Amino acid sequence: MLEPTNGKTGHVEEIHWPSLVAAIASVSAVGIAIGLGLPLLSIILEKRGVPSSLIGVNTAMMGVASMLAAVITTKLAHRFGVVQTMIWAVMLSALSSLGFYYAENLLLWFPLRILFHGSTTTLFILSEFWINAASPPSKRGFVLGLYSTVFSLGFAAGPLLFSLVGSEGLMPFAIGACIILAAAIPIFIARNESPDVDEKPELHFVRYIFLVPTATAAVFVFGAVTVGGGSLFTSYATRLGFNESQAALLLTVMGVGNFVFQIPLGLLADRMRDKRPLLSIMATIGLVGALLLPSLSSNWIILAVILLFWGGCVSGMYTVGLSHLGTRLTGADLAAANAAFVFCYAIGMVLGPPTIGTAMDLVNPSGFAWAVAFFFGLYVLLSGIRLLFMGNRG
């Protein structure tokens, strides 16, 4: 077991592979299930004649659930332990995923969404805490890059699985539940390696958002751009004149950049004592790429190249931001900061889509690029101010 040092989980010197396999496998299984569930649930509601607006409202429960889970996860882990909390989260996720099949009334889908995504968010928070605690400082970036890569592949496998099993009957729900339940196996095997959260964090949960703002702001931008940009990019591309297959291929290119760059960026972060300049550089690349979109959008190949690097930089902000978090904090403080990290991601996930969508309505279609540039620009401004005036803090 990773023993606390002075009441906190101390830094380890070697990679704890059983811990990493448990944490990465659990969150990857959840990634597959979510990747399968998002198109599955939307298609089923559409077949039932539910208006798109209501489908959107129901889907927005993801962000609400993530915020709620971020608030209570550390308290649950402190009281019941990391492994027990994760096992319960696995069980609740699997049961609620089956519940969607049996629930005919749309009103029941709202608490089911909150239960499902709240449980999976708990798995995310504790998996990332476990990964950070089990990673030696010199290799933390590499490990988190590996984690992000595997999760990206798992998330991409979900829609592929959906294309194979379809939306009819119990089968897709049963497959999703079984994949989630499989996550309990590596968690149970590595139960004696799990980190302790045997004391309360030093600060209130919300204070951690402002204690390491360079990391929490990075994941806010990540949430806003990936969820907002990802959900509306196909509409943006078709408004530019590309057909649906070309638009989908551009989105795939962005996904390729997502997982190809994570391990190299993690290795680069390991070589940097202060990871904030790397975060600022990636945000600047994201800002420049967004500003170039309107002028270069007529050329598919150039647009694809921009999106390849753009996808890598956006996801890299999550990986490097999480690594920066692990560098700054340990023990219960790290667990609470991980919760604050996911909370900020949820805020971005809630604010990103309406902001980008409204911008597209106001300035069609370039509002997409301007809104994305706005999020990156905010981060560049914040990180620049902190690097110039705040020194080593945050």
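The structure presented is a predicted model; accordingly, all values stated were derived computationally and were not measured. (Residues numbered from 1 in each chain as written. Predicted model: local features only at pLDDT ≥ 70, side-chain atom pairs only at ≥ 80, totals over all residues. Heavy atoms only, no water.)

Draft legend 1. Quick peek at the overall build of the protein chain. Summing up its helical and strand segments, the protein chain has 16 helices and two strands in all. Taken against the 2.2 N^0.38 rule, which gives 21 Å for 394 residues, the C-alpha radius of gyration of the protein chain at 20 Å falls within 12% of a compact globule. Scored against the burial criterion, the 394 residues of the protein chain give a buried share of 53%. Only carbon and sulfur atoms are counted for the fraction: they give 70% of the accessible area of the protein chain, which is about 16500 Å². Separation between the mean location of the 19 positive side-chain charges and that of the 17 negative ones in the protein chain comes to 7 Å. (Helix = DSSP H or I, 4+ residues; strand = E, 2+ residues; numbered from the N terminus. Rg over C-alpha atoms; globule rule 2.2 N^0.38 Å. Buried < 20%, exposed > 50% of the residue type's maximum accessible area, 1.4 Å probe, protein only. Areas by Shrake-Rupley, 256 points an atom, 1.4 Å probe, with all protein chains shown as cover. Lys, Arg positive; Asp, Glu negative; His and termini not counted. Charge placed at Lys NZ, Arg CZ, Asp CG, Glu CD.)

Draft legend 2. Region of interest: the packing of helix α13 (residues 276-296) against helix α16 (residues 367-389). It is at 8 Å that the axes of α13 and α16 come closest, and there the two elements cross at 155°. Here α13 is positioned roughly antiparallel relative to α16, judged by the angle of their axes. You can see that α13 and α16 cross each other, and the crossing is left-handed. Facing α13, whose interface residues are Arg-276, Pro-277, Leu-279, Ser-280, Ala-283, Thr-284, Gly-286, Leu-287, Ala-290, Leu-291, Leu-293 and Pro-294, α16 presents Phe-368, Ala-369, Trp-370, Val-372, Ala-373, Phe-376, Gly-377, Tyr-379, Val-380, Ser-383, Arg-386 and Leu-387. Here the contact of α13 with α16 is built from residues that sort into 17 nonpolar, five polar and two charged. (Axes fitted to C-alpha atoms, helices over the stretch in contact; angles between N-to-C directions. Parallel < 35°, antiparallel > 145°, perpendicular 65-115°, else oblique. Left-handed = near helix turned anticlockwise from the far one by under 90°. Contact = heavy atoms within 4.5 Å. Nonpolar A, V, L, I, M, F, W, Y, C, P; charged D, E, K, R; others polar.)

Draft legend 3. Broad picture of the environment of Glu-193. For Glu-193, the location among the structural elements is in the loop between α8 (184-189) and α9 (207-211). Taking the relative accessible area as the measure of exposure, Glu-193 reaches 23% and is therefore partly exposed. Separated by 169 residues in the primary sequence, Glu-193 and Leu-362 place their C-alpha atoms 53 Å from one another.

Honestly, it's all geometry; don't read function into it.
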